[in-house]
Amino acid sequence: MLCDVRLFNSLTREIEEVVPVDGKTVKIYSCGPTVYRYIHIGNMRSFMLGDLIRRALRFEGHDVRWIMNITDVGHMTDELTDTGRDKMELAESDEGLSAAEIADKYTKAFLEDSDLVGIERADLYPLATEHIPEMIAIIDTLIEKGHAYEVEGTVYYDVTTFPGYGKLSGNTLDRLRAGHRQELAVDPSKRHPEDFALWKVAGPHRALKWPSPWGDGYPGWHIECSAMSMKHLGERFDVHTGGNDNKFPHHEDEIAQSEGAVGHRVTSIWVHGGFLQMGGQKMAKSAQNIKRVTDLAEQGVDPLAYRLLCFGTRYRSEMDFSWEALEAADSRVKQLRKRMADWAPAAGSIGAGAKGFDRRFRSAVAGDLDMPTAVKVANELVSAPDVPDGEKYALLATWDQVLGLDLERDARERWEPTDEITALVAERDTARAARDFAKGDEIRDRLQAMGLEVMDTPEGTRVRPR
RNA sequence: GGCGGGGUGGCCGAGUGGUUAGGCAAGGGUCUGCAAAACCCUGUACACCGGUUCAAUUCCGGUCCCCGCCUCCA
């Protein structure tokens, strides 16, 4: 039973069905991290979006190839010291590590954090620094086709040669001109203020640089994604994801580059995720309100609870982070796992009631990733009186392919009491049978102090980890 | 200045022209020796001002406030 998976396309502003252009494999490109610092849970929300799209597509039977770039070139010069150093280089001197070591360190941390929040590894994580020749080739083509021009070692894209400029963000050239912020100085080398750099000449202090037909330099801000997406997914692929801030200028410029170079549409559906806010502000290093995934774990919260928390909000909406809400999600995910541990999975087929829930869940997920509804359906299933426990288990275990909350954890990791606990439990049951409640309560306190949940059942005392 | 997104009950947040979102927290109840777990019940929310309508949180107009992009940025 396949649902058509539909996604909101930022380009057309409509919800569209995902249909692989090659008829076989859905190809997804996600804008990944810049690896000169740790990524935070706001970044992570966007990366989870790519993972969720892949999970949703697979869930409905699609073959999927998902790649996420790693930006290991810092593109921006350091405007404070004007030394021409980029962020990779600044991190390098701050930490006493080489650029490659910095990139390695933060790439590794990024992948570990991804694992913690249930992101399944992408099929490929291409590195920007390993695609310089591909970038140069595209820039060459753009110059040949009249879309780009060189000025003293720097190559600019001439936006007036690309009629579709602005179609993604709404920032068309006339509007950009109307709204030009006065305080920004215009680079005198550009033919038009809206032109952007494809390749930049290396300054005297620049260490991260590569030879090119225009002299030593480094790639512009957006060309890496054009190069890596088309190299690994082809000149026509299906889905491109990123955070809302990538829309302009990054993706607008990427469209101009890629389409300008190959002469046709490259990406079918553009998907952009809303920001995570913290204290009414975008979570960002500059706002000093960042939290890492590891910070959540340090607070005793399962990082997967953050995943459930994110599912409470539609991916396109901004989301407010609060510890209170995170703890609510943490309680819930732990509760769900405990419930499942009490249910034996049903063998064989499921009944009509369960099928109805499954239909609702699938249609929510397939309908532009409506996870709030999907989670609601899961909640309703858990307390549905007319669905046998075994079927609930079977369904939740299946849905977890999309949810990725490790709902079977408690059921899988059968918890065994130690001899000490078993002895205490027996002692308590004996005391209670003799109506020695003072002693029974005392033992209960001890068990609770050991981090256990103590429940009385018709069969006597039952304990499990809290 | 240009482009775009918001203001929903204690918290996070769906959604809709008239009928319960959901979760967590809180209060009450069933059960229990007391608890816990489980189950049941409860809160009468939609920034403000007009307008349209039999009926608006949901549509229209205006006001206030918040946030994002326009510069590396998920």
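Computed from a predicted model, the values in this text were never measured in an experiment.

A. Region of interest: the packing of aromatic side chains. Counted under the stated rule, the structure contains eleven aromatic pairs. Here F361 and W399 contribute two aromatic rings whose centre-to-centre distance is 4.2 Å and whose plane-to-plane angle is 0 degrees, an arrangement assigned as stacked. Within this pair, whereas F361 is found in helix α11 (residues 352–366), its partner W399 is found in helix α13 (residues 389–403), the two being separated by 38 residues in sequence. Considered together, F361 and W399 belong to a single accessibility category, that of buried residues. Of the aromatic side chains, those joined through ring pairs into one cluster are F47, F110 and Y125. Lying over the aromatic face of Y149, R191 brings its terminal NZ or CZ to 3.9 Å of the ring centre. Of note, R316 hangs over the ring of F8, and the distance from its end group to the ring centre comes to 3.7 Å.

B. A look at helix α6 (residues 223–233). Burial of α6 is extensive: nine of the eleven residues sit out of reach of the surface. Buried residues of α6: I223, E224, C225, S226, A227, M228, S229, M230 and L233, and no others. Immediately beyond the C-terminal end of α6, within one or two residues, lies G234, with a positive phi of roughly 95 degrees.

C. The arrangement of the nonpolar core in detail. Core analysis: the largest hydrophobic core is formed by 84 residues, its most contacted members being I53, Y306, F321, L396 and W399. It is helix α1 (residues 41–59) that provides the largest number of residues to this core, a total of ten residues. Two domains each put at least three residues into this core: domain 1 (6–273) and domain 2 (277–412). The residues touching Y306, leaving out its near neighbours within four places in the chain, are I41, G42, M44, R45, M48, V117, L276, L296, M319, F321 and L326. Counting residues in each nonpolar core, the second largest holds 42 residues, with L11, Y29, L173 and L198 among its members.

D. Spotlight on the sheet that holds strand β8 (residues 217–219). The four strands are arranged β5-β6-β7-β8 in an open sheet whose pairing can be described as antiparallel. Looking at strand neighbours, the two that pair on one side only are β5 (148–151) and β8, the edges of this open sheet. When the angles between neighbouring strand axes are averaged without regard to direction, this sheet yields 20 degrees. Here strand β7 (residues 196–201) pairs with β8 via three bridges, running antiparallel. Paired with V201 across the bridge in β8 is G217. In the packing of helix α4 (residues 132–144) onto the sheet, contacts are made with β5, β6 (154–157), β7 and β8, and the angle to β7 comes to roughly 120 degrees. Along the sheet, helix α7 (residues 247–262) makes contact with β6 and β7, crossing β7 at roughly 80 degrees.

E. View of the pairing of β7. The element β7 is largely enclosed, with a buried count of five among its six residues. In terms of strand pairing, β6 meets β7 through three bridges, oriented antiparallel. Counted as the bridge partner of Y157 is F196 from β7.

F. Structural detail: unusual backbone geometry. The linkage connecting F248 with the following residue, P249, adopts the cis geometry, with an omega of 0 degrees. Within the element layout of this structure, P249 appears in helix α7. Here D368, not a glycine, exhibits a phi torsion of approximately 55 degrees, which is positive. In this structure, D368 sits in the loop between α11 and α12 (371–382). The backbone of L369 shows a phi angle near 55 degrees, a positive value even though the residue is not glycine. Here L369 is to be found in the loop between α11 and α12. Residue L369 is classed as buried on the basis of its relative accessible area, which comes to 1%.

G. Quick look at the side chain of R206. In this fold, R206 is placed in the loop between β7 and β8. Look at R206 and you get buried, because its relative accessible area is 2%. Among the polar contacts made by the side chain of R206, one reaches the main-chain carbonyl oxygen of L208 at a distance of 2.8 Å.

H. The pattern of salt bridges, seen in detail. Tallying each qualifying case throughout the model produces 32 salt bridges. The salt bridge involving R54 is made with D123; its shortest N-O contact spans 3.6 Å. Here D123 lies in the loop between α3 (99–116) and α4 and R54 lies in helix α1, a separation of 69 residues in the sequence. Accessibility expressed as a relative area gives 2% for R54, which makes it buried. Note on D123: relative accessible area 38%, which makes it partly exposed. One salt bridge connects D456 with R428, and the closest N-O pair in it is separated by 2.8 Å. Linking D456 in strand β14 (residues 452–457) with R428 in helix α15 (residues 419–433), this pair joins segments that are 28 residues apart in sequence. Shared partners join several salt bridges into a network, and the residues in it are D51, R55, R58, E120 and R307.

Reading the values: the criteria
Residues numbered from 1 in each chain as written. Chains lettered and ligands numbered in written order. Predicted model: local features only at pLDDT ≥ 70, side-chain atom pairs only at ≥ 80, totals over all residues. Heavy atoms only, no water. Phe/Tyr/Trp six-rings, centres within 6.5 Å; stacked < 30°, edge-to-face > 60°. Helix = DSSP H or I, 4+ residues; strand = E, 2+ residues; numbered from the N terminus. Buried < 20%, exposed > 50% of the residue type's maximum accessible area, 1.4 Å probe, protein only. Lys NZ or Arg CZ within 6 Å of the ring centre and 35° of its normal. Core = buried A, V, L, I, M, F, W, Y, C linked by side-chain atoms within 4.5 Å. Domains from an automatic or database assignment. Contact = heavy atoms within 4.5 Å. Pairing = 2+ DSSP bridges. Axes fitted to C-alpha atoms, helices over the stretch in contact; angles between N-to-C directions. Polar contact = N/O pair within 3.5 Å; in protein donor to acceptor, adjacent residues only side chain to side chain. Salt bridge = Lys/Arg side-chain N within 4 Å of Asp/Glu carboxyl O.

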